[in-house]
Number of protein chains: 4
Amino acid sequence: MISVRTDLAIEARDMYTKENKRELDGVIVEEEKEGDIKITTVTIESDEAGKELGKPKGNYITIDFPEFTHYDGESMDNVSKVVDNVLSRLVNMPEEKTALVVGLGNWNVTPDSLGPKVTEKIMVTRHLKQVMPEAIDDSVRPVCCISPGVLGITGIETGEIIKSLVDKIKPDIVICIDALGSRKLERVNRTIQISDTGISPGAGVGNHRMKINEESLGVKVVAIGVPTVVHAATIANDTIDLVLDGLISKAEKGKDFYNMLKSVDKLEKSQLIKEVLDPFVGDLMVTPKDVDAVIESLAKIIANGINMAIQPNMDMEDINKFMN
Amino acid sequence: MISVRTDLAIEARDMYTKENKRELDGVIVEEEKEGDIKITTVTIESDEAGKELGKPKGNYITIDFPEFTHYDGESMDNVSKVVDNVLSRLVNMPEEKTALVVGLGNWNVTPDSLGPKVTEKIMVTRHLKQVMPEAIDDSVRPVCCISPGVLGITGIETGEIIKSLVDKIKPDIVICIDALGSRKLERVNRTIQISDTGISPGAGVGNHRMKINEESLGVKVVAIGVPTVVHAATIANDTIDLVLDGLISKAEKGKDFYNMLKSVDKLEKSQLIKEVLDPFVGDLMVTPKDVDAVIESLAKIIANGINMAIQPNMDMEDINKFMN
Amino acid sequence: MISVRTDLAIEARDMYTKENKRELDGVIVEEEKEGDIKITTVTIESDEAGKELGKPKGNYITIDFPEFTHYDGESMDNVSKVVDNVLSRLVNMPEEKTALVVGLGNWNVTPDSLGPKVTEKIMVTRHLKQVMPEAIDDSVRPVCCISPGVLGITGIETGEIIKSLVDKIKPDIVICIDALGSRKLERVNRTIQISDTGISPGAGVGNHRMKINEESLGVKVVAIGVPTVVHAATIANDTIDLVLDGLISKAEKGKDFYNMLKSVDKLEKSQLIKEVLDPFVGDLMVTPKDVDAVIESLAKIIANGINMAIQPNMDMEDINKFMN
Amino acid sequence: MISVRTDLAIEARDMYTKENKRELDGVIVEEEKEGDIKITTVTIESDEAGKELGKPKGNYITIDFPEFTHYDGESMDNVSKVVDNVLSRLVNMPEEKTALVVGLGNWNVTPDSLGPKVTEKIMVTRHLKQVMPEAIDDSVRPVCCISPGVLGITGIETGEIIKSLVDKIKPDIVICIDALGSRKLERVNRTIQISDTGISPGAGVGNHRMKINEESLGVKVVAIGVPTVVHAATIANDTIDLVLDGLISKAEKGKDFYNMLKSVDKLEKSQLIKEVLDPFVGDLMVTPKDVDAVIESLAKIIANGINMAIQPNMDMEDINKFMN
């Protein structure tokens, strides 16, 4: 069957509650508002709940912001501040600790290039602390970063590169940024998910096959993800559901017609999807036309948020001066 | 209603014959094969036929090639040679005549950047003929090119820029390259349409609002187009049709259910499409993931074909030497 | 002989006064300070003075700013404001008038790509005024822009493209941006020259062969130029002069040795330069290593200055919102 | 003093023999010709000779090719074949062994981006051998690659990244590509040095501070370097020498004047250089104007050579098919 799964915990939970008309045991959901920005914390408390939702146990904080954000500098800064706050809740470390920021994804595929674009805007300080410690304030935390590329480019599993580097330079925290796949167009480029559970092999734009988490790396891993595409199969699937739902609502319950519509199963749907997307099926992405500009904006928002969270003794102005 | 129209004459004709079970009067279709490559000439002979298909009277030659072409240098060269042949049929001019090659589209939007990418690879000679005529063989034709950008970038209608330049430098032929929208995924990045009718305001990736043709410019205009995207609305529309067709084939003719399925009209479909694509509707493109690499390959194929067609006294090797 | 000439009026004037120990008749020089920024106005009042300096009669306003500007957002904004002020002195036009911004230079050669990079950041409004006048405030001035490319890319003289477009769309003012060559390393990327005399064929990074000025275009032309390279021949020439001056100062006046040093003429120097730069001579540029980042910063500074000068009813924040 | 040193063994040797009028003991030089291409092998046999030349003991093979190579596809292929041959002499490994190709340098600084550009064109197979061994011929060797970035981008010493990765994936050979600094303009972009001694901290375009060699990594390291810049200080230095030599040749031996010229020492020269290059001194690069295009050509030449050397069972055509 063609997967229409999601990388977002909040979508997995919404699908569960919609289908089962109740919250899943072991899941706690809290919502906050910061002006136009909505912050939803999904806490998966039990392994069973995690299994049900297809996500490891842990905290998933989703930041939803309005579409116009990417067209307004002040709104971008507001989202950066929320990213800073959310990260600061999850990350708590003394000044001398080192952070490694990892930009996952393929820089040659625009919707997958978010991670590498974020690392370009990270305030890198680790080498300065080592090479010219006198030039840099004691309160500045050592930060380093890498964009390891994807398997098809390097021939090396992304997780292997990160694991080897972590073993060598021993950071105290790893922050990974990745482009995700969403179930819903309305989340595309408007949602940032921050979690303390690391990265699982997934339905993202690219395909990482190794887990990148505290268990595999031996240090705390915070993952920041943004859904930047919806797979075309998802669009086709949703269209089928909408058509069937529309017809079912017109049909009389219990009649042949109603039963037939009800009986269209996953296999049939999957065959319809294959037919409509042939010959590309798995490789088709649905993206808004201005994807280049929007990815650039997202990279700025996230990098600013990370910079502020890692360097609590500097404000955005100080960081900008340092960066330019 | 949401348009699911096509920029390809062959698709418009196929839709007509499928619906009407016959060829449209005033349309002649001829097919050739060149190895794996299929060449279809659609000649629209009457204005009435043109009106019916939504395309101006003229010749539309469609080159279809297999998917693996972009991954094999020799196959790419073979398509270039077909482009050369087809262009040479439409363009017939003595050596001293000047060609202007125009790359339409937005260089910042990957699937719309085909035109500008082609112009980068055109063998430009007009200035050499003027500045150092002794350095260049008499048999080399004067060629110049421009990528005028799109309205949102320049604030100037593309047609205005081209018209002003044509009035000034008076080329004998204009060759335009543009990225198109297709009705069918199977044509995306595998079809080149070459026509002698110029460019009409269209359903392409970008939106040109002025005609660029012999009537508007005063010189012959050859248009080369490649469908590089399918709009998401088309995918949704096709999915709906497939679902309905599937159900209709199972229903009993004349029964309530059958009639209901038959009665789903354009308005209802349009509303379903809007619902599934909300909030992006008009701006969503469906592209294969490796769109960057494929557009680069298409640009090489087309530029090589144009270079050979304009410079019949040079072979591909001479041109490559000149270009590097 | 190898030319070591300059595109900057202030350097031409400085060379004259240094050599002749006096100001040239018909030249007026005024200096102002705006914090760290120095503004020097060189007015060439007579054709004779213009001929002597190799520059047409008119106003040349030079803005010199410190090196760290490119590494500090606030300093960049301050230079933008000075660009705004200087432009506003030279340009004086009612709201309904149209401006055409022209980015000269080759986008494929980093130090020559300043012009095209500026046009990317210009607030383009002309099409909005035409297509959806109700969506845009009456006080917004119509602005359009183009980067015509260079002769080697298009096969068309840059001046021809601009002339044809100006004839067609009839702007009320043309603002050209170009990368220049400097005599002195200390000016590279730290000086902006704004003049009301247009662009002359020059010693710049690229080579335009046609004048782009009020006489040729029929509308007022303001030229904004930044020296982004020094030619290697200039470095070699200066080194020779320094060596000779050093030896002369040690030699005894009138002696053989002194006379010999004094007699090293232009021809000999030119041969030395050729020898040291062989085999590249004319094509060697000297640039700082971070030229990519600095050109980006210069493009922002100048685009912001132009946007504010053209749209006096909007402040930088309004313009940024519009642009994003 | 300002360094005018070289990364090329052949230049270091040439400087020694010029100054001492004899070959250095422990150094063997052999020359071959392959059409237009000159291949010079400098073997440094003793540690003393290595110390004298500032290069570790080992083999340094220099490939010199004519300027027009970058403008002619066939000539490019010929140089690739020589690179293949030279590499094959130095590298000798059975089919099952893994190669790691490392692209050193900063992708944001054009003349320093050669290494990363080469890795983009390497035929990467290691993951295929692991993930779908049935899809790939047994005779294909496993190859992986990485461009680690530079210290200022990652905050991590390049050598640390490579060391950690080598420890993890245990390749049998490491091939490093790097942009070098030359003493002579005539070598810029026309010389490829291949050595079995690895990379030393150097005078290159970037600055690596750790050795990358068999001793530090524990596996054989082959280094491929191309001089892509000359530092401006070198140009100034050479100009001074030329001027002094010219004057000395005119002066009468033993006279005051002659003695004075002879007595201009390194300190004086260094001060002259500082004066002429102020305020940029160390950061100025001299590059030909078409540096972007030439670096692209060099990357193709080298990547083709590496691909053929690593995969002796495939010819260039097979590799191109695989790559596209």
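Given the structure is predicted, the values throughout are model-derived calculations rather than measurements.

Points about the side chain of Ser113 of chain D
All names here are of chain D. Checked against the element boundaries, Ser113 lands in the loop between strand E4 (99-103) and helix H4 (114-120). Here Thr110 takes part through its backbone oxygen, which lies 2.7 Å from a polar atom of the side chain of Ser113. With residues up to four places along the chain from it excluded, the contact list for Ser113 reads Asn106, Trp107 and Ile295.

A short note on the relation of the copies chain B and chain A
It takes a turn of 180° to lay chain B on chain A, together with a shift of 0.0 Å along the axis; the resulting RMSD is 0.1 Å. Such a combination of rotation and displacement between the chain copies is what one expects of a two-fold axis. Closest to the rotation axis within chain B is the C-alpha of Val286 of chain B, separated from it by 2.3 Å. Of all interface residues in chain B, 100% are interface residues in chain A too; the two copies therefore contact each other through one and the same surface.

Section: the interface of chain B and chain A
The interface of chain B with chain A comprises 40 residues on the first partner and 41 residues on the second. Applying the counting criterion to the chain B and chain A interface returns two salt bridges. Glu268 of chain B is paired through a salt bridge with Lys250 of chain A; the nearest N and O atoms lie 2.7 Å apart. Between chain B and chain A we count four residue pairs in polar contact (both at pLDDT 80 or more) in total. Put simply, the parts of the chain that give the side of chain B that touches chain A at least two residues each are helix H9 (232-250), helix H10 (256-262), helix H11 (266-277) and strand E9 (284-288) of chain B. If you tally residues by element for the side of chain B that touches chain A, the top one is H9 of chain B, at eleven residues. Classifying every residue of the side of chain B that touches chain A gives 24 nonpolar, six polar and ten charged. As paired elements, strand E9 (residues 284-288) of chain A and E9 of chain B share five bridges and run antiparallel to each other. Directly across from Met285 of chain A, in E9 of chain B, lies its bridge partner Thr287 of chain B.

Regarding the relation of the copies chain D and chain A
When chain D is fitted to chain A, the residual RMSD is 0.1 Å, and the transformation amounts to a turn of 180° plus an axial shift of 0.0 Å. Both copies present the same face, since 100% of the interface residues in chain D are matched by interface residues at the equivalent positions in chain A.

Concerning the packing of helix H9 (residues 232-250) of chain A against H11 of chain B
Between H9 of chain A and H11 of chain B, whose axes approach to 10 Å, the crossing angle comes to 130°. With respect to their mutual orientation, H9 of chain A and H11 of chain B come out oblique. Along this stretch, H9 of chain A crosses H11 of chain B, giving a crossing that reads as right-handed. Between H9 of chain A and H11 of chain B, the contacting residues are Ile235, Asp238, Thr239, Leu242, Val243 and Lys250 of chain A on the first element and Glu268, Leu272, Glu275, Val276 and Leu277 of chain B on the second. For the contact of H9 of chain A with H11 of chain B, the class distribution of residues is six nonpolar, one polar and four charged.

With respect to the interface of chain D and chain A
Accessible area lost upon the coming together of the parts serves often as the stated size of an interface. Contacts between the two partners involve 23 residues from chain D, matched on the other side by 23 residues from chain A. For the pair chain D and chain A, the summed buried area comes to about 1,900 Å², and 62% of that belongs to carbon and sulfur atoms. The interface formed by chain D and chain A contains two salt bridges. The salt bridge involving Arg126 of chain A is made with Glu160 of chain D; its shortest N-O contact spans 3.4 Å. For the interface between chain D and chain A, the tally reads six residue pairs in polar contact (both at pLDDT 80 or more). Elements with a minimum of two residues in the side of chain D that touches chain A: helix H5 (126-131), strand E5 (143-146), helix H6 (151-154) and helix H7 (158-169) of chain D. Looking at the side of chain D that touches chain A, the element that brings in the most residues is H7 of chain D, giving seven residues.

Some details on unusual backbone geometry
Residues and elements named next belong to chain C. Despite not being glycine, Lys21 has its phi angle at roughly 55°, a positive value. Summarising the element assignment, Lys21 is placed in the loop between helix H1 (9-20) and strand E1 (27-34). Of note in the backbone geometry, Asn189 takes a positive phi value of approximately 65° without being a glycine. Examined against the element boundaries, Asn189 turns out to sit in the loop between strand E6 (173-181) and strand E7 (191-195).

Things to note about a negative patch on the surface
Residue and element names in this part refer to chain A. Together, Glu95, Glu96, Asp137, Asp138 and Asp172 make up a negatively charged patch on the protein surface. Counting through the fold element by element, Glu96 comes out in the loop between helix H3 (73-90) and strand E4 (99-103). By relative accessible area, which is 58% here, Glu96 ends up exposed.

A few points about helix H11 (residues 266-277) of chain A
All names here are of chain A. Between its terminal C-alpha atoms H11 stretches 16 Å, which fits the 16 Å expected from twelve residues at 1.5 Å a residue. Within the span of H11, buried status applies to Lys269, Ser270, Leu272, Ile273, Val276 and Leu277. Across the axial projection of H11, the buried residues extend over an arc of 160°, all falling on one side. Counted as exposed and oriented over 90 degrees from the buried face of H11: Leu267 and Glu275.

Comments concerning the pattern of salt bridges
Two side chains carrying opposite charge are able to pair once their charged atoms lie near each other. As enumerated under the stated definition, the model contains 56 salt bridges over all chains in all. For Asp238 of chain A, the salt bridge is made with Arg183 of chain A, and the minimal N-O distance between the two is 3.0 Å. Pair noted here: Asp238 of chain A is in helix H9 and Arg183 of chain A is in the loop between strand E6 (173-181) and strand E7 (191-195), with a separation of 55 residues, a long-range link. This pair shows no difference in class: Asp238 of chain A is buried, exactly as Arg183 of chain A is. Of the charged contacts, one joins Asp167 of chain B and Lys163 of chain B as a salt bridge, the two residues approaching to 3.3 Å between their closest N and O atoms. Placement of both Asp167 of chain B and Lys163 of chain B in helix H7 (residues 158-169) is noted, with a separation of four residues, approximately one turn of the helix. Several salt bridges converge on common partners, so that one network encompasses Glu11, Arg13, Asp14, Glu23, Asp64 and Arg187 of chain A.

A few points about the pairing of E6 of chain C
Residues and elements named next belong to chain C. With respect to burial, E6 is a largely interior element, nine of its nine residues being buried. Burial of the side chains of E6 extends over both faces: Ile173, Ile175, Ile177, Ala179 and Gly181 are buried on one face and Val174, Cys176, Asp178 and Leu180 on the other. Both strand E4 (residues 99-103) and E6 contribute to a ladder of five bridges, which runs parallel. When the sheet's bridge partners are listed, Gly103 is paired in E6 with Ile177. One ladder, built from nine bridges, connects E6 with strand E8 (residues 220-231); its direction is parallel.

Comments concerning the environment of Ile212 of chain A
All names here are of chain A. Its place among the elements puts Ile212 in the loop between E7 and helix H8 (214-217). For Ile212, a relative accessible area of 1% translates into the label buried. The sequence separation of Ile212 and Ala135 amounts to 77 residues, and the corresponding C-alpha distance is 34 Å. Sequence-distant contacts of Ile212, defined by excluding residues within four places in its chain, comprise Leu104, Gly159, Ile162, Cys176, Gly198, Ile199, Leu217 and Val221.

Regarding the environment of Leu261 of chain D
Secondary-structure assignment places Leu261 of chain D in helix H10 (residues 256-262). For Leu261 of chain D, a relative accessible area of 2% puts it in the buried group. Each C-alpha atom, one on Leu261 of chain D and one on Ile248 of chain D, is 6.5 Å from the other, the two residues being 13 residues apart in sequence. What Leu261 of chain D contacts, discounting residues up to four positions off in sequence, is Leu247 of chain C together with Leu244, Leu247, Ile248 and Ala251 of chain D.

Remarks on the pairing of strand E5 (residues 143-146) of chain C
Residues and elements named next belong to chain C. Where burial is concerned, the two faces of E5 agree: the one with Val143 and Cys145 and the one with Cys144 and Ile146 are both buried. Bridging between E4 and E5 involves four bridges; their strand directions are parallel. Across the sheet, the residue bridging to Ala99 is Val143, located in E5.

Here's the deal with the state of the cysteines
Following the criterion strictly, the structure yields zero disulfides over all chains and no others. Cysteine Cys176 of chain A shares no disulfide, and the gap to the nearest cysteine sulfur, in Cys145 of chain A, comes to 12 Å. With no disulfide partner, Cys144 of chain B has as its closest neighbouring cysteine sulfur the one in Cys145 of chain B, 7.2 Å distant. Cys144 of chain B sits in the buried class, given a relative accessible area of 0%.

Rules used in this analysis
Residues numbered from 1 in each chain as written. Chains lettered and ligands numbered in written order. Predicted model: local features only at pLDDT ≥ 70, side-chain atom pairs only at ≥ 80, totals over all residues. Heavy atoms only, no water. Helix = DSSP H or I, 4+ residues; strand = E, 2+ residues; numbered from the N terminus. Polar contact = N/O pair within 3.5 Å; in protein donor to acceptor, adjacent residues only side chain to side chain. Contact = heavy atoms within 4.5 Å. Least-squares fit on C-alpha atoms with pLDDT ≥ 70 in both. Salt bridge = Lys/Arg side-chain N within 4 Å of Asp/Glu carboxyl O. Nonpolar A, V, L, I, M, F, W, Y, C, P; charged D, E, K, R; others polar. Pairing = 2+ DSSP bridges. Axes fitted to C-alpha atoms, helices over the stretch in contact; angles between N-to-C directions. Parallel < 35°, antiparallel > 145°, perpendicular 65-115°, else oblique. Left-handed = near helix turned anticlockwise from the far one by under 90°. Buried area = accessible area lost by both parts, 1.4 Å probe. Patch = residues over 30% accessible without salt bridge, like charges linked within 9 Å, V, L, I, M, F, W, Y side chains within 5 Å. Areas by Shrake-Rupley, 256 points an atom, 1.4 Å probe, with all protein chains shown as cover. Lys, Arg positive; Asp, Glu negative; His and termini not counted. Charge placed at Lys NZ, Arg CZ, Asp CG, Glu CD. Buried < 20%, exposed > 50% of the residue type's maximum accessible area, 1.4 Å probe, protein only. Expected span 1.5 Å × (residues − 1). Arc of directions from axis to C-beta. Disulfide = S-S within 2.5 Å.

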